[in-house]
Amino acid sequence: MNIILLSLALLLAISSLLIKKSVPAMISFVLMMFVLGLYYINLDAKLLGLFQIFIYTGGIMVLMLFGVTIIGLEFPHYKKKPLNAVAAFAFFVLITTLFLRGADKLQHITTTNLQESTLFSASYSDYVIIFALIASSILYTTVKMSAVLKRKNRVKK
Amino acid sequence: MFEIEIVFSFALFALGLYGVSSGRDFLRIFFSLEMLLNAVIMILATTAHYLGFTQNIVLAYMVMVLATLEAAAGLLIFAAANKVAKVLNPDALQGEEND
């Protein structure tokens, strides 16, 4: 069941990037997220699945609809970059190979040394550092972007 | 079983990577960014279920919230870029026109 759901999600993800019309691409993308929500429910993470379907998918759909009003009904045409596809495939092969080489050890560790996990007790500070880094990078990007737009606006005037 | 599901999430991540790096219009880049983050959430949920790393579910919630915020902020930037510079492609903001 999980494999079917994941195959469907992958197909929908591919189609959302390949379809040239914006609304069907968006619908395909939203369906992908819905299927992922079903997958989480199937994994016994019911709250995560419901959160994914009702809040994440719903919120993203509204935001993307706003984007569609700007883009228009069809995506603009740009030249294809096959080198990027090759690079992404190479990355996939590399990371899959590395994971499959170490997967047995991971399962061995978790089955022999399974302990009751305590939420955030050991690594709370690490998470804070990671999220601070992400938040600061988003802030930097926003400031940089607004500076670029201001410059562009000034040049235009 | 567990390995196959993780490999699927790697495939989704690679697909998102391709979408982001090919850098066409803003909307497709957002789709791809969401795919990248969904792949991460998928890995977290799968490892929580099969390997017992239950704290990953909390991290998955945090990534989900962050992804929604990122999409909102990104779309605002997109709207501003479109209003000021009349562009749909981020490369055009640097003065490099595609096609």
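The shown structure was predicted, so the numbers you read here are calculated from the model rather than taken from an experiment.

Trainee: Please set out the overall build of chain B residue by residue, giving values where relevant.
Mentor: Each helix and strand counted, chain B has four helices and zero strands in total. Each helix and strand of chain B, ordered N terminal to C terminal, gives the series α-α-α-α. Taking the contacts inside chain B whose residues are at least 6 apart along the sequence as the reference set, 57% of them involve residues at least 24 apart. Split by element, the accessible area of chain B, about 3,500 Å² in all, is 68% carbon and sulfur.

Trainee: Before we move on, could you go through the environment of Leu65(A) and cite the residues and values that matter?
Mentor: All names here are of chain A. In this structure, Leu65 sits in helix H3 (residues 46-71). Owing to a relative accessible area of 42%, Leu65 belongs among the partly exposed residues under this scheme. Each C-alpha atom, one on Leu65 and one on Gly49, is 22 Å from the other, the two residues being 16 residues apart in sequence.

Trainee: Got a sec to walk through the nonpolar core? Specific residues and values, please.
Mentor: Membership of the largest hydrophobic core comes to 65 residues, with the highest contact counts inside it found for Met32(A), Leu48(A), Leu12(B), Phe31(B), Met35(B) and Met42(B). When residues of this core are traced back to their parent elements, those giving at least two are helix H1 (2-18), helix H2 (22-42), H3, helix H4 (82-112) and helix H5 (124-156) of chain A together with helix H1 (2-22), helix H2 (26-51) and helix H3 (55-85) of chain B. When neighbours within four sequence positions are excluded, Leu12(B) is seen to be in contact with Leu10(A), Ala13(A), Met32(A), Leu36(A), Met35(B), Asn38(B), Ala39(B) and Met42(B).

Trainee: Describe the packing of aromatic side chains, listing the residues and the values that go with them.
Mentor: According to the stated counting rule, one finds seven aromatic pairs over all chains in the structure shown. Ring plane angle 85° and centroid distance 5.5 Å describe the contact between Phe51(A) and Tyr61(B), whose orientation is recorded as edge-to-face. Taken together, the residues Phe51(A) in helix H3 and Tyr61(B) in helix H3 connect one chain to another. Phe51(A) gets classed as partly exposed once you look at its relative accessible area, which sits at 24%. Seen from their ring centres, Phe91(A) and Phe13(B) are 5.7 Å apart, and the 35° between their planes marks the pair as tilted. Here Phe13(B) lies in helix H1 and Phe91(A) lies in helix H4, a pairing that spans two chains.

Trainee: With reference to specific residues and values, describe H2(B).
Mentor: Two residues of an α-helix separated by three or four positions point the same way, owing to the 3.6 residues in each turn. All names here are of chain B. Relative to the 38 Å expected for 26 residues at 1.5 Å per residue, H2 spans 37 Å between its end C-alpha atoms, a close match to the ideal helical length. The buried fraction of H2 is high, at 20 of 26 residues. Downstream of H2 by one or two residues, Gly52 has phi in the positive range, about 85°.

Trainee: A description of the confidence of the model for chain A should follow, citing residues and the corresponding values.
Mentor: Confidence along chain A averages 79 in pLDDT terms, with 84% of residues attaining 70 or more. Within chain A, H2(A) carries the highest mean pLDDT (89), whereas H5(A) carries the lowest (75).

Trainee: Could you give an account of the side chain of Asn56(B), naming the residues involved and the relevant values?
Mentor: All names here are of chain B. Looking at where Asn56 falls in the secondary structure, it is placed in helix H3. Side-chain polar atoms of Asn56 contact the side chain of Thr47, separated by 2.8 Å. Aside from chain neighbours lying at most four places away, what touches Asn56 is Leu44, Thr47 and Ala48.

Thresholds applied
- Residues numbered from 1 in each chain as written.
- Chains lettered and ligands numbered in written order.
- Predicted model: local features only at pLDDT ≥ 70, side-chain atom pairs only at ≥ 80, totals over all residues.
- Heavy atoms only, no water.
- Helix = DSSP H or I, 4+ residues; strand = E, 2+ residues; numbered from the N terminus.
- Contact = heavy atoms within 4.5 Å.
- Areas by Shrake-Rupley, 256 points an atom, 1.4 Å probe, with all protein chains shown as cover.
- Buried < 20%, exposed > 50% of the residue type's maximum accessible area, 1.4 Å probe, protein only.
- Core = buried A, V, L, I, M, F, W, Y, C linked by side-chain atoms within 4.5 Å.
- Phe/Tyr/Trp six-rings, centres within 6.5 Å; stacked < 30°, edge-to-face > 60°.
- Expected span 1.5 Å × (residues − 1).
- pLDDT = per-residue confidence, 0-100.
- Polar contact = N/O pair within 3.5 Å; in protein donor to acceptor, adjacent residues only side chain to side chain.

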